[in-house]
Amino acid sequence: MKNKFFSRLTAAALALVLLSAPGAQALTVDQAAELLQRVYVDEVPQTVLEQTTIQDMLAALGDPYTEYFTPEEYGAFTATMSDTSLVGIGVVYTQTEEGLLLSEVLEGSPAEKGGLEPDDLIVKVDGRSVLGETTDTVSGWIQGEEDTEVKVTYLRDGNRKTVTLTRALVVVAATTTQLIDGHIGYISCSTFGMETVGHFQEGIEKYRDQVSAWIVDLRSNTGGVTQAAVDAAGCFTGTGEMAYLRDGSDAYGVYYHEDDSLTLHPVIVLMDPYSASASEIFASAIRDRGAGIVIGTRSYGKGVAQTVIDREFEPEYFADGDAIKITSHRFFTPAGNSTDQVGVIPDLLLPPDQVIPAAYLLAGPGFFTDTSGLLRVDMQWRWHIDLETALSEEYRETFQAILDAITVNRKIWSGIGGPDGWARTDLETVCGETGMEFHAPAFPDQEDCTYTDAVSILRTYDMLHGREDGKFYPQDTLTRAELCQLLAVALNCSVPINESPYSDVPEDAWYTPAVVAMSNMGLVNGTGNDSFSPDEPVDHQQFITILGRLAQRLNLYLYDDVKGRPQDAVDVVGLWDYADWAKESAWLLSYSQKGYFGNTITLLWDEAGEISPTEATTREEAAYALYRLLSYLNILPV
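Because the structure is a prediction, the values reported are computed rather than measured. (Residues numbered from 1 in each chain as written. Predicted model: local features only at pLDDT ≥ 70, side-chain atom pairs only at ≥ 80, totals over all residues. Heavy atoms only, no water.)

**Q** Explain the overall build of the protein chain here, please?
**A** Looking only at helices and strands, one finds 20 helices and 27 strands in the protein chain. Taking 2.2 N^0.38 as the reference for a compact globule, 638 residues should give roughly 26 Å; the C-alpha atoms of the protein chain span a radius of gyration of 27 Å, in line with that estimate. C-alpha atoms of the protein chain, sized along the principal axes, occupy 85 × 70 × 50 Å. Out of the 638 residues in the protein chain, the part that is buried amounts to 55%. A total of about 28,200 Å² of accessible surface is found on the protein chain, and carbon and sulfur atoms cover 47% of it. Treating the 41 positive side-chain charges of the protein chain as one cloud and the 95 negative ones as another, the clouds have centres 4 Å apart. (Helix = DSSP H or I, 4+ residues; strand = E, 2+ residues; numbered from the N terminus. Rg over C-alpha atoms; globule rule 2.2 N^0.38 Å. Buried < 20%, exposed > 50% of the residue type's maximum accessible area, 1.4 Å probe, protein only. Areas by Shrake-Rupley, 256 points an atom, 1.4 Å probe, with all protein chains shown as cover. Lys, Arg positive; Asp, Glu negative; His and termini not counted. Charge placed at Lys NZ, Arg CZ, Asp CG, Glu CD.)

**Q** Looking at this structure, how should I read helix α12 (residues 396-405)?
**A** In terms of burial, α12 is a largely internal element, seven of the ten residues being buried. Within α12, burial applies to T398, F399, Q400, A401, I402, L403 and A405.

**Q** Where do I start with the packing of helix α17 (residues 540-554) against helix α19 (residues 580-590) in this structure?
**A** Each packed pair of helices is defined by two parameters, the angle between the axes and the distance between the axes. Contact pair α17 / α19: the axes reach a minimum separation of 8 Å and the direction vectors enclose 60°. Taken together, the axes of α17 and α19 are oblique relative to one another. Remark: the crossing between α17 and α19 carries left-handed chirality. Of α19, the residues touching α17 (which contributes Q541, Q542, I544, T545, L547, G548, R549, A551 and Q552) are W581, A582, S585, A586, L588 and L589. (Axes fitted to C-alpha atoms, helices over the stretch in contact; angles between N-to-C directions. Parallel < 35°, antiparallel > 145°, perpendicular 65-115°, else oblique. Left-handed = near helix turned anticlockwise from the far one by under 90°. Contact = heavy atoms within 4.5 Å.)

**Q** Help me understand the sheet that holds strand β11 (residues 175-180), please; the structure alone is not making it clear to me.
**A** Sheet strands pair via backbone hydrogen bonds, and the direction of the pair is either parallel or antiparallel. Strand order in the open sheet formed by six strands is β11-β12-β13-β17-β18-β21, and the pairing between neighbours is mixed. Of all the strands in the sheet, the pair left with one neighbour each is β11 and β21 (348-349). Where strand β18 (residues 292-296) and β21 come together, two bridges link them in parallel fashion. When the sheet's bridge partners are listed, I295 is paired in β21 with L348. In the packing of helix α9 (residues 278-288) onto the sheet, contacts are made with β13 (213-217), β17 (267-271) and β18, and the angle to β17 comes to roughly 150°. (Pairing = 2+ DSSP bridges.)

**Q** Whenever I open this one, helix α1 (residues 29-39) confuses me. Can you help?
**A** An α-helical segment advances 3.6 residues per turn. Residues three or four places apart therefore align on the same side. Inspection of α1 places Q31, A32, A33, L35, L36 and V39 among the buried residues, and these make up the whole buried set. Buried residues along α1 sit in contact with α2 (46-49), α3 (54-61), β19 (304-309) and β20 (323-332).

This is the structure in structure tokens:
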């Protein structure tokens, strides 16, 4: 894709935050209206400005991310992006059936002074057994008032010890780093705040000489300060453009990381459905810049940023310490993609309970001199799985999940000895040689599909579903309802809360949520007289028009290609048979994109000039075109 020049984002000293979560106030209604009109990313409807209270105004706006904060609420909001202070003994633990297994003992804490170490197992607190108790109950026993004492009984190497500790104020960092198995750097980050980058830098510098791979755990990290996420990712990517922002006037800014990378080793980013906003910027920067991969489940899908305005910037409006957070920008990844709705699609889509052990297996044995007994999976970097560990009882289920998540186009290799001895293999062979199950990522009727690899890849990522009987019916005609369902599944749309705007789309139909979601996004329209005609076939030019709208929504380069299109660009022979309303999208998807040597790249199943505009679209044509678009943009990691 072509390069694009952006101005460096100065943000006029306003703090841009990216949080997924959505009081009497000193701010007046007129002042709130003025700020919304000045800052909001879209045009503010007149019905919003006519409201008589700020609460009604924001409710009418319908944006869960635009919020007013009382002074107390603003203090709580800013506190969510900082380290946490509490009175206790300074340990991080996991509750097991045998007791509290310590994973970390904070430096300078009462626990460290009392001699506790990682891997110790706490079994009693003040003589009370922790077995069978809830985490909250045990935490309540350990915590207490500062300078009070607590007795802790723990096991180490089978020996029982009891120590009396004096509780003290300890700081629990929102970002922590551990060394696992002597060669894996594990960084857990629960929010992106002002201290985050320092924690990343300290952790990387502490362990980088021992590490062969990094794991950054962003599960349930709902966001934070944009620059913190950018600079934290920059620790691995080095200098360069990390994210782009576009405001309501279509002006662009860029977030840029100034410093070199702190490590040359790759990163595995862990995500779940609660990883949002700044977490998605971090993960996208890591992948788009080639620093690593993402595994887990698809992220939340928040593609907008907010500007926080408080008394530092508008002292006359917020003299009492209140503030307002307004959606002001859409953000895009280094590749120019939006994460809105679609989220970050992981390189390996895994069950939630398999994410941590999968990261451990992918991180491999560390530094090695013999490839024997290793399986290599190429996903930007070379990831080495030790088969003896993978086939053990502890990791066998995880290994099966990894094999099921590898797409058919990935290159995999068996180690044949020596420092770099590899032989190309495939998933079915690996499963046969290791006794694992081979689950072909295919529909039962896929042998009749022209674009079988694309369909298999979409199925592996759970982005393509069949009909009720489990079959795909690749050559059947695509209906308008099925098109909405196809796009809603691929985009990971949430169920809309508003009712259907179409008289022939009943509330209880299987396709209604998808139709309403696609209508809300502006991708589909009705057929007139409040009708949608869900069972009608979609012809080629209708499908191409809808896919063109989606392309502009997903990627800033394609959006700007349309805005900057020469007037005569659609006056080509291949588009003569298309309706005027379809020519722009057909041009965008079939003629606008160029390769390195000036060759035209089509994002359809054929050049637009070879496609009959009024013929019905088949299910396999739609699936393949969607695959072409998402993989070309690198939204789909193939």
